[in-house]
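Chain by chain, the residues:
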Amino acid sequence: MCFPPDRFAETLLVHPRVRRLLVANPFRSVSGLLARRLGGGAEDEGFPSNGRARLYTPPSLRRGEASSVAAVERRYRHYDDLLKRAAAKAGLERPAVITSHGLVAGFAPFEWASGVTFYADDDFSAHPKHADQRDAYLEAYSRVGSSGRRVCAVSQTLIELIEPSGPSAVVPNGIDPSEWESTGPPPAWMAGLPRPHIAYVGTLDDRVDWASLREIAERFSRGTVVLVGYAPDLSVLEPVLELPNVHLKRTVPREEITAVLRGADVCLVPHRRTPLTESMSPLKLYEYLAAGRPVAATDLPPMRGIDDRVVTVPEGGDFPAAVARALELGPAPEDERRDFLRKHAWRSRHERILEVALA
């Protein structure tokens, strides 16, 4: 429950303006649901189902997603029918719909809803994982834009891509202050590594500029580059893993991330310049700053104007020099760090989404 739609659902579960709530999963294959039940698990395990809130998982005979625009449209009209029945069963009459799924936002009619808001937390049309659905996502964005549906997006770049004709707002990602109020020492596996600790936390894939990361590791050979996160393809990391001062930790419990970042001397967002990274609002950037760490980051629109401790690197710039500058800045004073927690809390972001969705 750490991604933006998860955080928003957690807020809706307790928000005083929400009388009844239906949280809908994406489609799940019937075979997968059956396997889960036979294994003794329940799809809503851990969800606080009660008279006010319910979780609904639409079943699908199909495994995987459709790719053609026509097939996607049929699929999400069916999703709309299933959700309409589930909403009626839950006692919702003319509910407000908020969806973070671009294909749902563009292709589901929602004629039974009082209004539809698209909460765009990423540009899936530019995501390599969804390359075969790129045309469908772009068509969905076009339909959202021309329909007058409301849009809250994590970046201005996403707003410009969708071109909403209805109400819209830029709502960046945020942090949960309670996770960052107090943290312990760095984990044992990290404490003994040579300093400075130069940390990157996040998915380790081709969005990372591995050439720049190698330059950083070579320039700061007496310190340690700490990589923490899921690596779907280790071959992508080969340019840096052969260096002796690069330390990879692929699995870290969520509760340990705060300790890792508080134990870092500087944090990195070495993203390549792509349509995907230009439209992001990186969660890692807010979490780095919540930990009070200075940051060296590729100069992309989502990195600008957030905090004075973000040192940006222009195209063709010297990333190791930016790391050196960030190290000179040092950690934020505690009063400034706590002020950052207050200003960028998820709750304030969610209030803005609700202002747009329930106006």
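The shown structure was predicted, so the numbers you read here are calculated from the model rather than taken from an experiment.

What follows is about empty space enclosed by the protein. Taken as a whole and assessed by the stated rule, the structure comprises one cavity of 30 Å³ or more. When its volume is computed, the largest cavity comes out at roughly 40 Å³. In this structure, the largest cavity is lined by C2, R7, G174, I175, D176, E179, W180, R254, L283, E287 and W346. Broken down by secondary-structure element, the contributors of at least two residues to the lining of the largest cavity are α7 (177–180) and α13 (283–290).

The strand order across the open sheet formed by four strands is β5-β6-β7-β8, and the pairing between neighbours is parallel. The sheet is open, and its two edges are formed by β5 (96–99) and β8 (168–170), each paired on a single side. The mean angle between the axes of side-by-side strands here comes to 15°, regardless of whether they run parallel or antiparallel. The pairing of strand β6 (residues 115–120) with strand β7 (residues 150–153) spans four bridges and is parallel. Bridge pairing links F118 to V151 in β7.

Time to look at unusual backbone geometry. Cis rather than trans, the peptide bond between R195 and P196 has omega equal to 10°. With phi around 50°, R94 is a residue other than glycine that occupies positive phi space. For R94, the location among the structural elements is in the loop between α3 (69–89) and β5. Its identity is not glycine, yet E163 carries a phi of approximately 50°, on the positive side.

The subject of this paragraph is the packing of aromatic side chains. In the structure shown here, the tally under the stated rule is nine aromatic pairs. With 5.2 Å between their ring centres and 80° between their planes, F27 and Y79 make a pair best called edge-to-face. With F27 in the loop between β1 (21–24) and β2 (28–29) and Y79 in helix α3, this pair connects stretches of sequence that are 52 residues apart. Residues F27 and Y79 agree in their burial class; the two are buried. Ring geometry for F110 against W112: centres 5.5 Å apart, planes inclined by 65°, an arrangement best described as edge-to-face. Under the relative-accessibility criterion, F110 is labelled buried at 4%.

In this fold, D307 is placed in the loop between β13 (295–298) and β14 (310–313). Spatially, the C-alpha atom of D307 lies 37 Å from that of R19, the residues being 288 residues apart in sequence. Here the side chain of D307 touches R309 through a polar contact of 2.8 Å, landing on its backbone nitrogen.

A side chain of one charge can pair with a side chain of the opposite charge if their charged atoms are brought near each other. Summed over the entire model, instances satisfying the criterion amount to 24 salt bridges. With a shortest N-O distance of 2.2 Å, E181 and R338 are connected by a salt bridge. Here E181 is found in the loop between α7 and α8 (188–191), whereas its partner R338 is found in helix α15 (residues 334–343), with 157 residues between them in sequence. Residues participating in the shared-partner salt-bridge network are R7, D176, E179, R254 and E287.

Attention now moves to the sheet that holds strand β11 (residues 246–249). Taken in spatial order, the six strands make up an open sheet running β11-β10-β9-β12-β13-β14, and their pairing is parallel. Both outer strands of the open sheet, β11 and β14, are each paired with one neighbouring strand and no more. Averaged over neighbouring strand pairs, the angle between their axes works out to 25° when direction is ignored. Where strand β10 (residues 224–228) and β11 come together, four bridges link them in parallel fashion. For V226, the partnering residue across the bridge sits in β11 and is H247. Contacts between helix α9 (residues 210–219) and the sheet are confined to β9 (197–201), β10, β11 and β12 (266–269), with β10 contributing the most and set at about 145° to the helix. Taken strand by strand, α13 contacts β9, β12, β13 and β14, and its axis lies near 170° from that of β12.

A few words now on the side chain of D123. For D123, the location among the structural elements is in the loop between β6 and α5 (134–147). Buried within the structure, D123 lacks any salt-bridge partner; its nearest side chain of opposite charge belongs to R134, at an N-O separation of 7.2 Å. For D123, the side chain forms a polar contact with the side chain of Y141, separated by 3.3 Å. Beyond its immediate stretch of four places on either side in the chain, D123 contacts Y141, L158, L161, P275, L276 and S279.

The rules behind these values
- Residues numbered from 1 in each chain as written.
- Predicted model: local features only at pLDDT ≥ 70, side-chain atom pairs only at ≥ 80, totals over all residues.
- Heavy atoms only, no water.
- 1 Å grid on protein atoms, 1.4 Å probe; cavity = no way out; pocket = protein on both sides within 12 Å on 5 of 7 lines; lining within 4 Å.
- Points joined across faces, edges and corners; volume = space filled by probe spheres on them.
- Helix = DSSP H or I, 4+ residues; strand = E, 2+ residues; numbered from the N terminus.
- Pairing = 2+ DSSP bridges.
- Axes fitted to C-alpha atoms, helices over the stretch in contact; angles between N-to-C directions.
- Phe/Tyr/Trp six-rings, centres within 6.5 Å; stacked < 30°, edge-to-face > 60°.
- Buried < 20%, exposed > 50% of the residue type's maximum accessible area, 1.4 Å probe, protein only.
- Polar contact = N/O pair within 3.5 Å; in protein donor to acceptor, adjacent residues only side chain to side chain.
- Salt bridge = Lys/Arg side-chain N within 4 Å of Asp/Glu carboxyl O.
- Contact = heavy atoms within 4.5 Å.
- Lys, Arg positive; Asp, Glu negative; His and termini not counted.

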